[in-house]
Every structure is written in structure tokens, then in C-alpha cells.
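# Topology and contacts: notes
Here's the letter readout for the chains.
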Amino acid sequence: QVQLVESGGGLVQPGGSLRLSCVASGFTFSRYAMKWYRQAPGKERELVARISSGGVSINYADSVKGRFTISRDNAKNTVYLQMNTLKPEDTAVYYCNAARYGGQDFGSWGQGTQVTVSS
């Protein structure tokens, strides 16, 4: 079965950094685009970043462009999100998901990892 396990969240001060990890299993990781989402209380889930199966094509939400970096290690079935210059508005639960080219995300989600940016 598909499993996505996020980790690396925590409490940081504004301007700080965190690196999130998502370890995937149950599918051929190297053939799937990987995505990071976040959801803050009272808000809809937001797509933060996407990386293609081979890591060549990368996209970011405007709100994080220039501050966040998505990467992947297909040998480890892991996608990362390096988050720098964090702002209070980045506070959210962060989730990963996966999709084949032209396909939909998996219907199952992991537990997510909490990121809190506060003074």
C-alpha cells in the first residue's frame, strides 16, 4: 500500500530554516512527480512545490518562491523541502503526495509534519 511519512517540522523563529523529508513506499517512486502541500487552520490545502519524476521540472507557489527548495533522492525514495527565511504565515501542517504525469494525486495522505514559525 502507498505510504507517505513526513518529518522534520518543528518550532522556529521568523527568519529561521527547516528541512522537511517525506519517505515514500508502495509505488515506483522514480516514476512519480512529488509535491509538497500545506494547510493552515481555517484555510484550504495549498500546493507549495512540485518536482517532476526526474527532478528536471520544478514549480513553486509564489508565496514561497525564492525561499523554499524542493529536491528528491530517488535512491532513497525521499523528497525534501528546504525552507529558509521562514515567516509566521508559513505556519501550517505540511504534507507530501505523488502523481504520475497527467494523473491525480494519491487519495491517501500521511500524517503531515507541523511547522510553526513564531517569536
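Here, every reference points to the structure presented above.
Please read these numbers as outputs of a predicted model, since none were measured by experiment.

Take the state of the cysteines next. Counted under the stated rule, the structure contains one disulfide. Disulfide partner of Cys-22: Cys-96, at an S-S distance of 1.8 Å. Given an S-S torsion of about 50 degrees, the disulfide between Cys-22 and Cys-96 has right-handed geometry. Taken as a pair, Cys-22 in strand E3 (residues 18-25) and Cys-96 in strand E9 (residues 92-99) lie far apart in primary sequence, 74 residues in all. Look at Cys-22 and you get buried, because its relative accessible area is 0%. Overall, the relative accessible area of 0% leaves Cys-96 in the buried class.

As a further point, take the nonpolar core. As a rule of thumb, soluble globular proteins bury nonpolar side chains together. If you look at the biggest cluster of nonpolar residues, it comprises 30 residues, and the most contacted ones within it are Phe-27, Met-34, Trp-36, Val-79, Leu-81, Met-83 and Tyr-94. Elements with a minimum of two residues in this core: E3, strand E4 (33-39), strand E5 (46-51), strand E7 (68-73), strand E8 (78-83), E9 and strand E10 (113-117).

This next bit is on the sheet that holds E5. Strand order in this open sheet of six strands is E2-E10-E9-E4-E5-E6, and the pairing throughout is mixed. With one partner strand each, in any of the chains shown, strand E2 (10-12) and strand E6 (58-60) form the two edges of the open sheet. If you compare each strand with its neighbour and ignore which way they point, the axes differ by 25 degrees on average. The sheet contact formed by E2 and E10 spans three bridges and is parallel. Within E10, the residue paired with Leu-11 across the bridge is Thr-116.

A separate point is the side chain of Arg-72. The topology assignment puts Arg-72 in strand E7. An unpaired buried charge is present at Arg-72: no salt bridge exists, and Asp-73, the closest side chain of opposite charge, is 8.3 Å distant. A polar contact is formed between the side chain of Arg-72 and the side chain of Asn-74, at a distance of 2.7 Å. Ignoring anything within four residues of it in the chain, the contact list for Arg-72 reads Phe-29, Ser-30, Tyr-32, Ala-33, Met-34, Ile-51, Ser-52, Ser-53, Gly-55, Thr-78, Val-79 and Tyr-80.

The subject of this paragraph is the packing of aromatic side chains. Inspection of the entire model under this criterion finds six aromatic pairs. With centroids separated by 4.8 Å and ring planes inclined at 65 degrees, the aromatic side chains of Phe-27 and Tyr-32 adopt a geometry described as edge-to-face. Side by side, Phe-27 and Tyr-32 carry an identical accessibility label, which is buried. On the basis of an interplanar angle of 25 degrees and a centroid distance of 5.3 Å, the ring pair of Tyr-32 and Phe-106 is categorised as stacked. Of this pair, Tyr-32 sits in the loop between E3 and E4 while Phe-106 sits in the loop between E9 and E10; the two residues are 74 residues apart in sequence, bridging distant segments of the chain.

So, about the environment of Trp-109. Tracing the backbone shows Trp-109 in the loop between E9 and E10. Classification of Trp-109 by relative accessible area gives partly exposed; the value is 30%. When neighbours within four sequence positions are excluded, Trp-109 is seen to be in contact with Tyr-37, Arg-45, Tyr-95, Cys-96 and Asn-97.

Calculation rules
Residues numbered from 1 in each chain as written. Predicted model: local features only at pLDDT ≥ 70, side-chain atom pairs only at ≥ 80, totals over all residues. Heavy atoms only, no water. Disulfide = S-S within 2.5 Å. Helix = DSSP H or I, 4+ residues; strand = E, 2+ residues; numbered from the N terminus. Buried < 20%, exposed > 50% of the residue type's maximum accessible area, 1.4 Å probe, protein only. Core = buried A, V, L, I, M, F, W, Y, C linked by side-chain atoms within 4.5 Å. Pairing = 2+ DSSP bridges. Axes fitted to C-alpha atoms, helices over the stretch in contact; angles between N-to-C directions. Lys, Arg positive; Asp, Glu negative; His and termini not counted. Salt bridge = Lys/Arg side-chain N within 4 Å of Asp/Glu carboxyl O. Polar contact = N/O pair within 3.5 Å; in protein donor to acceptor, adjacent residues only side chain to side chain. Contact = heavy atoms within 4.5 Å. Phe/Tyr/Trp six-rings, centres within 6.5 Å; stacked < 30°, edge-to-face > 60°.

Read these as geometric descriptors, not functional statements.
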